[in-house]
Amino acid sequence: MLNRLRTLRGVCRSLWIYYGDRKRQTAMDQLYGRFIKSGDLVFDIGSHVGDRVGSFRRLGARVIAVEPQPALATTLKLLYGRDSGVLIEQAAVGRSVGTVELSLNIDNPTISTASTAFIKAATDAPGWQGEEWSTQVRVPMTTLDALIERHGVPTFIKIDVEGFEAEALAGLTNPVNTLSFEFTTIQRDIALSCISRCASLGFTRFNAALGESQRFVHSGWRTAREITFWLAELPQEANSGDIYATIS
C-alpha cells in the first residue's frame, strides 16, 4: 500500500513538472517543429508521462509511445488512450527482443532504468544523492528495428531511457532522418558510444540541448568529431541533455 502511494505521488510529481509550464511546451514545439511536420510518424522511446507525445501530436504527427513502467504506461493510456494518433506499447527498447529487468525509482519514476551501470554511476554522484531504485520488475523488450517493421519508418525517434540509450541504438539498423538521445555527464561514455553508433549508421550532423532548455547550444550543426569534443569538455554540473543527430 505504501509503495502504491509513493508511486502515485511520483507520477503526480512528474505530471506537474512536465505539463505545468506552458512556455516550456511552446519551446518544445518550436524545437521539434524543425524535424516534424503534420502526418509524420514519430517514435517516443521512454515516453514517461507523455509530454513529448503531447508536443508531437500538437505538430500533427502520429506517435508510437513506448514505455516499460506499468504505472506510467497506465498514465499514458489515461492521457492518450482515446487518441487514434497515438499507439502505446508497454515495453523497454534494447538490442534484442526478449525481456529485461527494470529497476524502478518509485519516488522519481523519470529515472527508472534497465541499466545497472547507470545506477552505479548515479550512486552518491553530485546532484543524484538520495535516489533509490528499490523495486525490480521483468518487462518485455523490443528493438527499434522491430518497431519499424511493425509500424513503418519514422521521421524522428526520441530516445530517453536512462543509461540504456546505447542498447536501444544497437537495435537499429534501418536509416531514419533524425533522432535524439539523452546523455548524462555521469555516463559520458554511453553518450560517446551513441555518437559513434549514429555516425556508423550514416548520421552526419549533430547538435545538443542542455537539460530541459529545449534550445540548441550550437548555432549550427556539428560533425560527430566536433560534438564528441564538446561533450568531453562539458562541465560535470551540466548534468544532462539531449544530442540530436540528422542525416539530411
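The structure under discussion appears in the preceding block.
Because the structure is a prediction, the values reported are computed rather than measured. By convention here, each chain's residues receive numbers from 1 onward along its written sequence. For this predicted model, a pLDDT threshold of at least 70 governs which residues receive local features, and a threshold of 80 or more governs which side-chain atom pairs are given and counted, while totals over whole chains, interfaces and linings are taken from all residues. As a convention, hydrogens and water are excluded, and side-chain values are obtained from all of the structure's heavy atoms.

Q: Quick question: what am I supposed to make of the pattern of salt bridges here?
A: Pairs can form between side chains of opposite charge whenever their charged atoms are close. Basic side-chain nitrogens of Lys or Arg form a salt bridge, by our definition, when they fall within 4 Å of a carboxyl oxygen of Asp or Glu. In the structure shown here, the tally under the stated rule is twelve salt bridges. Arg24 is paired through a salt bridge with Glu212; the nearest N and O atoms lie 2.7 Å apart. Separated by 188 residues along the polypeptide, Arg24 in helix 2 (residues 22-32) and Glu212 in the loop between strand 9 (205-210) and helix 9 (224-233) bring together distant segments of the chain. A relative accessible area of 9% means that Arg24 is categorised as buried. Think of it in three bands: residues with accessible area under 20% of the maximum for their type are buried, residues over 50% are exposed, and the middle band is partly exposed, with areas taken using a 1.4 Å probe on protein chains only. Looking at Glu212, the relative accessible area reads 36%, which means it is partly exposed. Each of Arg24, Asp51, Arg52 and Glu212 takes part in salt bridges that share partners, so that together they form one network. By definition, any uninterrupted DSSP run of H or I lasting at least four residues is a helix, any uninterrupted run of E lasting at least two residues is a strand, and each is numbered from the N terminus.

Q: Help me understand the sheet that holds strand 4 (residues 92-93) in this model?
A: Two pairing modes exist for strands in a sheet, parallel and antiparallel, and in both the strands are linked by backbone hydrogen bonds. Pairing is mixed across the open sheet formed by three strands, whose spatial order is 4-6-5. This sheet does not close on itself; its edge strands, each paired only once, are strand 4 and strand 5 (98-104). Strand direction decides the pairing type here: strand 4 and strand 6 (residues 135-142), joined by two bridges, are parallel. Paired with Val93 across the strands is Thr142, a residue of strand 6. For two strands to be treated as a pair, DSSP must find no fewer than two bridges joining them.

Q: Is there a simple way to explain the side chain of Thr178 in this structure?
A: Summarising the element assignment, Thr178 is placed in strand 8 (residues 178-184). A relative accessible area of 0% places Thr178 in the buried class. Between N or O atoms, a polar contact is any pair within 3.5 Å; within protein, one atom must be a potential hydrogen donor and the other a potential acceptor, and residues adjacent in sequence are included only when both atoms are from side chains. At 3.0 Å, the side chain of Thr178 forms a polar contact with the side chain of Thr246. When checking whether two residues touch, look at their non-hydrogen atoms; a contact exists if any pair is within 4.5 Å. In this structure Thr178 touches Phe35, Thr155, Phe156, Ile157, Phe203, Ala245 and Thr246, once residues within four positions along its chain are discounted.

Q: I keep staring at the nonpolar core and nothing clicks. Help me out?
A: The nonpolar core is taken to be a set of buried Ala, Val, Leu, Ile, Met, Phe, Trp, Tyr and Cys residues, with the residues joined through side-chain atoms within 4.5 Å. Phe43, Ile45, Leu144, Ile159, Leu179, Phe181 and Phe206 are the most contacted members of the largest nonpolar core, which totals 45 residues. If you tally residues by element for this core, the top one is helix 8 (residues 188-201), at six residues. Counting residues in hydrophobic clusters, the runner-up holds 19 residues, among them Val42, Val86, Phe156 and Ala209.

Q: What should I look at first to understand the packing of helix 8 against helix 9 in this one?
A: When two helices pack together, their arrangement is given by the angle between their axes and by how far apart the axes lie. Axis lines are fitted to C-alpha atoms, over the contacting stretch for helices. Their N-to-C directions set the angle, which ranges from 0 to 180 degrees. Interhelical geometry of helix 8 versus helix 9 gives an angle of 175° and a closest axis separation of 10 Å. When the axes of helix 8 and helix 9 are compared, the pair comes out roughly antiparallel. Counting all contacts with helix 8, which are made through Arg188, Ala191, Leu192, Ile195 and Ala199, the residues of helix 9 involved are Ala224, Ile227, Thr228, Leu231, Ala232 and Glu233. Tallied by class, the residues present in the contact of helix 8 with helix 9 amount to eight nonpolar, one polar and two charged. Oblique is the label for every angle not falling under 35 degrees (roughly parallel), over 145 degrees (roughly antiparallel), or within 65 to 115 degrees (roughly perpendicular). Amino acids outside the nonpolar list (Ala, Val, Leu, Ile, Met, Phe, Trp, Tyr, Cys, Pro) and the charged list (Asp, Glu, Lys, Arg) are all regarded as polar, and Gly is one of them.

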